[in-house]
There are 2 protein chains.
Amino acid sequence: MYKVITIGREFGSGGREFGKRLAAELGYAYYDAEIIKAIAERSDLAEEYVSQIVENHIVSYYPISVANTFTTITSDPVFDASKSVFAIQKEILVEAAEKSPCVIVGRCSDYILRDYNPLRIFIHADPAARVERCRSRLKEGEKMDDKTIEKNINSIDKSRAKYYRFYTGKDWGDRRNYDMCINTAKLGIKNAVNMVSAMIKAQAD
Amino acid sequence: MYKVITIGREFGSGGREFGKRLAAELGYAYYDAEIIKAIAERSDLAEEYVSQIVENHIVSYYPISVANTFTTITSDPVFDASKSVFAIQKEILVEAAEKSPCVIVGRCSDYILRDYNPLRIFIHADPAARVERCRSRLKEGEKMDDKTIEKNINSIDKSRAKYYRFYTGKDWGDRRNYDMCINTAKLGIKNAVNMVSAMIKAQAD
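Cut-offs applied
Residues numbered from 1 in each chain as written. Chains lettered and ligands numbered in written order. Predicted model: local features only at pLDDT ≥ 70, side-chain atom pairs only at ≥ 80, totals over all residues. Heavy atoms only, no water. Contact = heavy atoms within 4.5 Å. Buried area = accessible area lost by both parts, 1.4 Å probe. Salt bridge = Lys/Arg side-chain N within 4 Å of Asp/Glu carboxyl O. Polar contact = N/O pair within 3.5 Å; in protein donor to acceptor, adjacent residues only side chain to side chain. Nonpolar A, V, L, I, M, F, W, Y, C, P; charged D, E, K, R; others polar. Pairing = 2+ DSSP bridges. Helix = DSSP H or I, 4+ residues; strand = E, 2+ residues; numbered from the N terminus. Least-squares fit on C-alpha atoms with pLDDT ≥ 70 in both.

Caption draft 1: Highlighting the interface of chain A and chain B. Counting residues at the interface gives 25 residues for chain A, matched by 25 residues for chain B. Between chain A and chain B, a total of about 2100 Å² is buried, with carbon and sulfur atoms accounting for 49% of that surface. The partner of Asp179 of chain B in a salt bridge is Lys186 of chain A, with the nearest N and O atoms 2.9 Å apart. On the surface where chain A and chain B come into contact, there are 17 residue pairs in polar contact (both at pLDDT 80 or more). Looking at the side of chain A that touches chain B residue by residue, the classes come out as 12 nonpolar, 6 polar and 7 charged. Summarising the sheet, strand β5 (residues 180-183) of chain A and strand β5 (residues 180-183) of chain B pair through 3 bridges and their orientation is antiparallel. In the sheet register, Met180 of chain A faces β5 of chain B, and the bridge partner there is Ile182 of chain B.

Caption draft 2: Structural view of the relation of the copies chain A and chain B. Aligned on chain B, chain A shows an RMSD of 0.0 Å; the corresponding rotation is 180° and the shift along the axis is 0.0 Å. The superposition operator between the copies reduces to a two-fold rotation axis. The C-alpha atom lying nearest the rotation axis in chain A is that of Cys181 of chain A; the distance is 2.4 Å. In this assembly, 100% of the residues forming the interface of chain A have copies in chain B that are likewise at the interface, indicating an isologous arrangement.

Caption draft 3: Up close: unusual backbone geometry. Positive phi, normally seen in glycine, also occurs at Arg107 of chain A, with a value near 65°. Its place among the elements puts Arg107 of chain A in the loop between β3 (102-105) and α5 (109-112). Within the chain, Asn117 of chain B stands out as a residue other than glycine whose phi angle is a positive 50°. Topologically, Asn117 of chain B is positioned in the loop between α5 (109-112) and β4 (119-124).

Written out as structure tokens, the structure reads:
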């Protein structure tokens, strides 16, 4: 019944792990970094550049002031690249949804694929749990105090919210835009995956 | 593992039906209107009066202007009754949580019972689905157009949000205050009950 599952997630809440495990459990395709590679190939842009646009959510370059001027609007190359990357990303997501049942993490996929009636999940967790998760995943030798980790988490989430708002006109993480919001700090990732996959399998019967 | 389950809900989303079914499925006690009766008994207030305070969320009688005056603060009887009803309600909820596993709908129970580590669920649905549910439940002979139904729904939810904010200091329906938010328009009530009860039973093993 649910052939397309989209996952929005707070940074550090384990949304990516949830998505991967859910896809494995259901035998669905899983899309995340593969999409960046595909965009790079199709756009002839370097993979690092696409990644920077997609991951850092560059939307802030838009010259808001132009509406107030009478001068010819000169094109902003970064904004243009961002727009075209978004357009190609959309093509690729639609192709993925057409191809086979899939789980897609991030990328406004809940909105882009709205015609495919996706099961829209949002994964979140309490701030302390997210800091702990990020701390436990620091690379060997990497040092970062909890305050800095928390600052980074908030900064990434702020950028995700801005990106989502820009392309969808809606509020990122607002329950009304999702079918399920799950607090992994309370439920645990594996437990939450078991719960959702069992529900999806039962619906498919 | 989850002995106390609290359910917040948008009006018309089927939160009460979800709660009842979940309690039946798990063999948990279910509290809703019983609480009003218990408050009435303990407070010596009439059941109808308690119901009016609890259901209509009378918190707006508070004389905000008093802070700006030098006169002696005279007591507001409606506000006092509301405060005392809330205090008695808290006692009763705590007793319920101590007594046996239970499902409690509304009444800021997620906040009041926070020391009992409740599984905090919020039930919502798309506006159109809520209007439809309310329309299908109009009493025989009762007539109401969809616009009026929607207006009533919004008015009740606004009052719930205000009540929740007043007593908890938090935003009603904000995913961050819950462990799961479920859109019953997408998942269906019975399906959602099966999903959550299976998860809770698996945790109890």
